[in-house]
Amino acid sequence: APVLDTAFFRRWLDLAAAAIRREADHLTDLDSAIGDADHGSNMRRGFDSASTSAAYAAATTPGALLKGFGTHLIGKVGGASGPLYGTVLRRAAKALGEDGTVSPQALGEALAAAVAGVRRLGDSGPGDKTMVDALAPAAEAYQRALGEGAPLTGALAAAARAAREGAEATIPMRARRGRASYLGERSVGHQDPGATSTALLFTALHEAAAG
Ligand code: ADP
Ligand code: MG
Ligand code: MG
């Protein structure tokens, strides 16, 4: 089974940055339908810059790595997604503490803390057509799978699947938070860009474990 050490989380964020780069145009297309057409460029700028920073290379614990990355996103991304994803990573980092290696259970608690942090910062919940609609089901699916005795890689596969399904489930929703909410009923019929990028992040997390 993969060990959840600093190298694992760095592998995850490297894969995530590569996925964001690959899908940036798609994310921006989604944001052009119900937002201001910058989600892909916001995410690419943030992830490229954070994953090449000195702090990222120097971090010696998962917590320090995620905290530094999140702080970088908050500083570099102008859009709503910067502070929101920054909070995801910083809340997870706080939950992980200073341990050099994280247990699968501790990762589950960190995911739950991340969901709570975004919900509080964004004043958002499931059904609002935001990243929460991918993040919350992913965190729940991970915990459920672990609770049912699944190995780490299986639980991460379940989380990634739930995130992708959660992103697709935003299509018929009417946005109640963020720029898309300004469109009201016209936000219906489009997939939320932030939920889509969250699904990319969970797919990368599964890939980091599956090798
Ligand atoms: P901006 O909307 O400032 O241009 P981005 O385009 O980078 O920022 O990110 C938009 C995404 O941020 C949305 O698709 C949505 O998933 C997420 N988002 C926006 N507002 C909120 C909120 N209040 N709570 C949770 N997520 C939000
Ligand atoms: Mg935008
Ligand atoms: Mg913007």
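Residues numbered from 1 in each chain as written. Chains lettered and ligands numbered in written order. Predicted model: local features only at pLDDT ≥ 70, side-chain atom pairs only at ≥ 80, totals over all residues.

(A) Up close: the overall build of the protein. Of the regular secondary structure elements, the protein holds nine helices and two strands. For the protein, the succession of helices and strands along the chain, N to C, is β-α-α-α-α-α-β-α-α-α-α. A compact globule built from 211 residues should have a C-alpha radius of gyration of about 17 Å, and the protein, at 16 Å, falls within 12% of that. Over its C-alpha atoms, taken along the principal directions, the protein stretches across nearly 45 × 40 × 30 Å. When burial is assessed residue by residue, the protein has 54% of its 211 residues classed as buried. Contacts in the protein between residues far apart in sequence, at least 24 positions, make up 64% of those at least 6 positions apart. (Helix = DSSP H or I, 4+ residues; strand = E, 2+ residues; numbered from the N terminus. Rg over C-alpha atoms; globule rule 2.2 N^0.38 Å. Buried ≥ 20, exposed ≤ 12 C-beta atoms within 10 Å, placed from the backbone. Contact = placed C-beta atoms within 7 Å.)

(B) Geometry of the site of ligand 1. Close to ligand 1 lie 24 residues; Gly79, Gly122, Thr130, Gly178 and Gly194 are nearest. At the level of secondary structure, the elements contributing two or more residues to the shell around ligand 1 comprise helix 2 (39–51), helix 5 (81–96), helix 6 (104–122) and helix 9 (193–210). Of all the elements, helix 9 adds the most residues to the shell around ligand 1, at three residues. Looking at the shell around ligand 1 residue by residue, the class counts come to seven nonpolar, 10 polar and seven charged. (Near = placed C-beta within 6 Å. Nonpolar A, V, L, I, M, F, W, Y, C, P; charged D, E, K, R; others polar.)

(C) Highlighting the environment of threonine 130. With respect to the helices, strands and loops of the structure, threonine 130 is situated in the loop between helix 6 and helix 7 (132–147). Classification of threonine 130 as buried rests on a count of 31 C-beta atoms within 10 Å. Taking C-alpha positions, threonine 130 is 9.9 Å from glycine 166, a pair spaced 36 residues apart along the chain. For threonine 130, the contacting residues outside a window of four places in its chain are Gly122, Ser124, Arg177, Gly178, Asp192, Gly194 and Ala195.

(D) Region of the structure containing the nonpolar core. Judged by nonpolar contacts, the single largest core of 64 residues is most densely connected at Ala92, Ala138, Tyr142 and Ala159. Taken together, the elements giving at least two residues each to this core come down to helix 1 (6–34), helix 2, helix 4 (62–76), helix 5, helix 6, helix 7, helix 8 (152–168) and helix 9. Excluding anything up to four places from it in sequence, tyrosine 142 contacts Gly108, Leu111, Ala155, Leu156, Ala158 and Ala159. (Core = buried A, V, L, I, M, F, W, Y, C linked by C-beta atoms within 7 Å.)

(E) Local environment of the packing of helix 8 against helix 9. Interaxial distance between helix 8 and helix 9 falls to 8 Å at its minimum, and their mutual angle equals 165°. On the basis of their axis angle, the class for helix 8 and helix 9 is roughly antiparallel. Of the two elements, helix 8 crosses helix 9, and the hand of that crossing is left-handed. Two secondary-structure elements touch here, helix 8 through Leu152, Thr153, Leu156, Ala157, Ala159, Ala160, Ala163, Arg164, Gly166 and Ala167 and helix 9 through Ala195, Thr196, Thr198, Ala199, Phe202, Thr203, Leu205, His206, Ala209 and Ala210. The residue makeup of the contact of helix 8 with helix 9, split by class, is 13 nonpolar, six polar and one charged. (Axes fitted to C-alpha atoms, helices over the stretch in contact; angles between N-to-C directions. Parallel < 35°, antiparallel > 145°, perpendicular 65-115°, else oblique. Left-handed = near helix turned anticlockwise from the far one by under 90°.)

(F) Fine view of the confidence of the model for the protein. On average, residues of the protein score 97 in pLDDT, and 100% of them are at 70 or above. Model confidence for the complex is summarised by a pTM of 0.98, with the ipTM given as 0.99. (pLDDT = per-residue confidence, 0-100.)

(G) Quick look at unusual backbone geometry. Phi is positive for alanine 37, close to 60°, though the residue is something other than glycine. Relative to the helices and strands, alanine 37 resides in the loop between helix 1 and helix 2. Its 15 C-beta neighbours within 10 Å are what place alanine 37 among the partly exposed residues. Backbone geometry at lysine 129 places phi at a positive 65°, although glycine is not the residue there.

(H) Fine view of helix 7. With 16 residues, helix 7 extends 22 Å between its outermost C-alpha atoms, agreeing within 8% with the 22 Å of an ideal straight helix rising 1.5 Å per residue. Along helix 7, 13 of the 16 residues are buried, which leaves the element largely enclosed by surrounding structure. Positive phi appears at glycine 149, one or two residues downstream of helix 7, with a value of about 95°. (Expected span 1.5 Å × (residues − 1).)

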